[in-house]
Amino acid sequence: MGGHHAASGAAAWVAIASTGPYTLGWYPLDATGILIGGMATAGTALVCDWDHRHSTVANSLPPLSNVIARGIETASGGHRQGTHSILGAAFFVVLAMLAGQIQVQTSWGLLSVGAGLLCMFMINIAAKALKLFPKSGFISNWIFALVMAGLVTWFAPHQWTWLPVSMLTGVVVHIVGDMITTGGVPLLWPIVIKPPRFLRKLPVLNDVWKANGAFSLPLLGRAGSRREWLVLIPVSAYAMVGMCVAAWAVARATLPAAAALGKTAVSRFLGAG
Ligand SMILES: [Zn+2]
């Protein structure tokens, strides 16, 4: 299920950061923001399941991430409880905003350490869920995440403002995804409002507002159903196309800069020698 959430997260980001603004005539994010934000949102679409000790996030950085998973599980009342609610979503967004505040003054300028680390963590879990490196997972996932977060830090440090938006997008996509495919989520957690007895007998409503107070949108049947795949395939293809176009643009923009940087370094080295 992790891969499904991740792919929908990336697709939602491409829509918000690129397709949507173009259609509406607004100025979209530049290619770095689309590419790296897309990868980050594939990751933020997984954080809600940090309340489960065997989820992708929980196993991303053992043993710390496992310990945190147990903490979240206890604090949020178990799997698919507090983290799958409006309050849980707000919590993750505030966390991303706080991370953006952690900056360190270095000789290269102000470095957004908090945002960089959070983005790196999100991209790492995305790479894992999407199985980008199926053979040599752990190390390559982290190296990939480091390079991606490094790209932003180096080429577009002012762009970190999109990180809380990425978090909001990912979390909303996750919760909606679970509402569509699973037995429902407690949106108003910790408040549980159960439907009155007479409403529980109404055919459609009793699927949307469950007797236990959870909400669901049972459009796609059970998780892993054929209908789910029918939606997922075009969604993933859309995300792939958007990200590849962005990746191409980033490569075209950054390769000459990287080459120039290398040239300067070499000439300085030769000059010094
Ligand atoms: Zn979930």
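Residues numbered from 1 in each chain as written. Predicted model: local features only at pLDDT ≥ 70, side-chain atom pairs only at ≥ 80, totals over all residues. Heavy atoms only, no water.

J.: Would you mind going over the overall build of the protein chain with me for this structure?
T.: For the protein chain, the helix and strand inventory stands at nine helices and two strands. Going from the N terminus to the C terminus, the protein chain shows its helices and strands as α-α-α-α-β-β-α-α-α-α-α. On C-alpha atoms alone, the protein chain measures out to a radius of gyration of 21 Å, which is about the 19 Å that the 2.2 N^0.38 rule sets for 273 residues. Its C-alpha atoms put the protein chain at 85 × 40 × 40 Å along the principal axes. Expressed as a percentage of the 273 residues in the protein chain, the buried residues total 42%. (Helix = DSSP H or I, 4+ residues; strand = E, 2+ residues; numbered from the N terminus. Rg over C-alpha atoms; globule rule 2.2 N^0.38 Å. Buried < 20%, exposed > 50% of the residue type's maximum accessible area, 1.4 Å probe, protein only.)

J.: Help me out: how do you make sense of the coordination of the zinc ion in this one?
T.: Under perfect tetrahedral coordination by four donors, a metal shows angles of 109.5 degrees; under perfect octahedral coordination by six donors, it shows angles of 90 or 180 degrees. Bound to the zinc ion on the protein side are D49 (OD), H84 (NE2), H174 (NE2) and D178 (OD), at distances that span 2.0 to 2.3 Å. One way to put it: the four donor atoms around the zinc ion meet at angles of 88 to 170°, and that makes the site irregular. Sequence spacing of the donor residues for the zinc ion, all on one chain, is D-x34-H-x89-H-x3-D. Of this pair, H84 sits in the loop between α3 (64-75) and α4 (86-101) while H174 sits in helix α7 (residues 162-181), and the two are 90 residues apart along the sequence. (Donors = N, O, S within 2.8 Å, 3.2 Å for Na, K, Ca; no water. Tetrahedral: all angles 85-135°; square planar, octahedral: opposite > 155°, others 65-115°.)

J.: Could you clarify how one ought to interpret a positive patch on the surface in this entry?
T.: Among the surface-exposed residues, K194, R197, R200 and K201 lie close enough to one another that they form a single positively charged patch. For R197, a relative accessible area of 64% translates into the label exposed. (Patch = residues over 30% accessible without salt bridge, like charges linked within 9 Å, V, L, I, M, F, W, Y side chains within 5 Å. Areas by Shrake-Rupley, 256 points an atom, 1.4 Å probe, with all protein chains shown as cover. Salt bridge = Lys/Arg side-chain N within 4 Å of Asp/Glu carboxyl O. Lys, Arg positive; Asp, Glu negative; His and termini not counted. Charge placed at Lys NZ, Arg CZ, Asp CG, Glu CD.)

J.: What's the story with the nonpolar core in this structure? I'm lost.
T.: For soluble globular proteins, nonpolar side chains are generally found buried alongside one another. Core analysis: the biggest nonpolar cluster contains 56 residues, and I36, C119, I123, W162, M167, V171 and I175 have the highest contact counts within it. If you list the elements that add at least two residues to this core, you get α1 (2-24), α2 (31-44), α3, α4, α5 (113-129), α6 (137-155), α7 and α9 (226-272). In this structure W162 touches W13, L29, G33, I36, G37, A40, C119 and V152, once residues within four positions along its chain are discounted. (Core = buried A, V, L, I, M, F, W, Y, C linked by side-chain atoms within 4.5 Å. Contact = heavy atoms within 4.5 Å.)

J.: Would you mind going over the packing of aromatic side chains with me for this structure?
T.: In this structure the tally under the stated criterion is six aromatic pairs. Geometrically, the ring pair formed by W13 and W162 is tilted, given 5.8 Å between the ring centres and 55° between the ring planes. In this pair, W13 sits in helix α1 while W162 sits in helix α7, placing the two residues 149 residues apart along the sequence. For W162, a relative accessible area of 4% corresponds to the buried category. Ring centres 5.5 Å apart and planes at 45° place the aromatic pair W50 and F121 in the tilted group. With W50 in the loop between α2 and α3 and F121 in helix α5, the pair connects residues that are 71 residues apart, well separated along the chain. With relative accessibility at 11%, the residue W50 sits in the buried group. Through successive ring pairs, a cluster of aromatic residues spans W50, F121 and W142. (Phe/Tyr/Trp six-rings, centres within 6.5 Å; stacked < 30°, edge-to-face > 60°.)

J.: Help me understand unusual backbone geometry, please; the structure alone is not making it clear to me.
T.: In this structure, P63 follows P62 across a cis peptide bond, with omega equal to 0°. Put simply, W189 and P190 share a cis peptide bond, and its omega is 0°. Of note, P190 is situated in the loop between α7 and α8 (205-208). Phi at R80 is positive, roughly 55°, even though this residue is not glycine. Secondary-structure assignment places R80 in the loop between α3 and α4.

J.: Sorry if this is basic, but what is going on with the layout of surface pockets here?
T.: Empty space left among the atoms is revealed by rolling a probe the size of a water molecule over them. Space inside the largest pocket adds up to approximately 470 Å³. For the lining of the largest pocket, the secondary-structure elements that each account for two or more residues are α1, α2, α6 and α9. Partitioned by chemical class, the residues of the lining of the largest pocket number 18 nonpolar, three polar and no charged. Of the voids in this model, the second largest pocket is the one considered here, and its volume is about 340 Å³. If you trace the second largest pocket, you find 14 residues lining it, with L111, S112, G150, T153 and W154 closest to the centre. Elements that contribute at least two residues to the lining of the second largest pocket include exactly β2 (109-111), α5 and α6. (1 Å grid on protein atoms, 1.4 Å probe; cavity = no way out; pocket = protein on both sides within 12 Å on 5 of 7 lines; lining within 4 Å. Points joined across faces, edges and corners; volume = space filled by probe spheres on them. Nonpolar A, V, L, I, M, F, W, Y, C, P; charged D, E, K, R; others polar.)

J.: In this structure, what is going on with α5? I would like to understand it.
T.: Helical geometry note: an α-helix holds 3.6 residues per turn, so side chains three or four residues apart project in the same direction. With 17 residues, α5 should cover 24 Å at 1.5 Å per step; its first-to-last C-alpha distance of 24 Å lies within 8% of that length. Most of α5 sits inside the fold, with 14 of its 17 residues counted as buried. Once α5 ends, the next one or two residues include K131, with phi positive near 55°. (Expected span 1.5 Å × (residues − 1).)

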